[in-house]
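Listed below, chain by chain, are the residues.
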Amino acid sequence: GQQVMQIPQYQHVQEGEDFTTYCNSSTTLSNIQWYKQRPGGHPVFLIQLVKSGEVKKQKRLTFQFGEAKKNSSLHITATQTTDVGTYFCAGPGDYKLSFGAGTTVTVRA
Amino acid sequence: DAGVIQSPRHEVTEMGQEVTLRCKPISGHDYLFWYRQTMMRGLELLIYFNNNVPIDDSGMPEDRFSAKMPNASFSTLKIQPSEPRDSAVYFCASSFYGTTYNEQFFGPGTRLTVL
């Protein structure tokens, strides 16, 4: 079945630094969604990307969908302690989602 | 809106016992999903419903698991008999097809421990 893979699994970041997490699919995705799960919490929807090469920004978060619609990335600038959590990508987005393993982010103050 | 409601929030039971997890989706949503999350396997889709009808249960681990949705505002996931390997966090999520993103709204989860 459809699978999405994420790297890295863990990201330890110094507060104020930037980092990027990547999501890759073996097949073309119609669209891709990103979710964030805080420690002890539940996944919360962040954004959906649909178009090839699409770039969307939410404050310090920048989401990108690859030209071939097989990969996506999330870049966070000037990391803050509020960014702590696990970030999941999920595809293809219509009804049945396949979630990546997630990137768990910890922040050093 | 209260969001997706799940009960109980925590459940501790002994191997062999029956466990029933409950979910109330967001009013008006026509899709309901049951997920299981573990450290080893991540977030797995178990089953999903559309307009109360089960559409895909290919993720249900085995016959010990069953799910029902008797009406638009209630769903249950039952495990009988439970085993220690069923210990996980079980999430219910709902969505409404036709919104801009078809995003899924997750409930707070039920943390199940089977001893």
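Placed above this text is the structure.
What counts as what
Numbers given for residues are sequential positions, taken from 1 along each chain in its written order. Written order decides the labels, with chains lettered from A and ligands numbered from 1. Residues qualify for local features only when their pLDDT is at least 70, as the model is predicted, and side-chain atom pairs are given and counted only at 80 or more; totals for whole chains, interfaces and linings, by contrast, use all residues. Think of the side-chain values as coming from all heavy atoms in the structure, minus any hydrogens and water. Counting from the N terminus, the helices are the DSSP runs of H or I reaching at least four residues and the strands are the DSSP runs of E reaching at least two. In plain terms, two cysteine sulfur atoms within 2.5 Å form what is called a disulfide here. Think of it in three bands: with a 1.4 Å probe and only protein chains considered, a residue is buried below 20% of the maximum accessible area for its type, exposed above 50%, and partly exposed in between. What makes two strands pair is DSSP finding at least two bridges between them.

Asks: Give me unusual backbone geometry: which residues, what numbers.
Replies: Cis geometry is adopted by the peptide bond preceding Pro8(A), which originates at Ile7(A) and carries an omega value of -5°. Mapped onto the elements of the fold, Pro8(A) is located in the loop between strand E1 (4–7) and strand E2 (10–14). Put simply, Gln80(B) and Pro81(B) share a cis peptide bond, and its omega is -5°. When you line up the elements, Pro81(B) lands in the loop between strand E8 (74–79) and strand E9 (88–95). Despite not being glycine, Lys59(A) shows a phi value in the positive range, around 55°.

Asks: Before we move on, could you go through the state of the cysteines and cite the residues and values that matter?
Replies: Applying the stated criterion across every chain yields a total of two disulfides over all chains. Across a sulfur-sulfur distance of 2.0 Å, Cys23(A) and Cys89(A) are joined as a disulfide pair. Because the sign of the S-S torsion sets the handedness, a value of about 80° for the bond joining Cys23(A) and Cys89(A) places this disulfide among the right-handed ones. In this pair, Cys23(A) is assigned in strand E3 (residues 19–25) and Cys89(A) in strand E9 (residues 85–92), connecting sequence segments 66 residues apart. Each member of the pair, Cys23(A) as well as Cys89(A), carries the same accessibility label: buried. There is a disulfide in this structure between Cys23(B) and Cys92(B), and the S-S distance comes to 1.9 Å. Judged by the torsion about the S-S bond (-65°), the Cys23(B)/Cys92(B) disulfide is left-handed. You can see Cys23(B) sitting in strand E3 (residues 19–24) and its partner Cys92(B) sitting in strand E9, a full 69 residues away along the chain.

Asks: Tell me about the pairing of E9(A), and please be specific about residues and values.
Replies: All names here are of chain A. With respect to burial, E9 is a largely interior element, seven of its eight residues being buried. Here strand E4 (residues 32–37) runs beside E9; their pairing, made up of five bridges, is antiparallel. Its bridge partner being in E9, Gln33 is matched across the sheet by Ala90. Where E9 lies against strand E11 (residues 103–108), three bridges are found, and the strand directions are antiparallel. Counted as the bridge partner of Tyr87 is Thr103 from E11.

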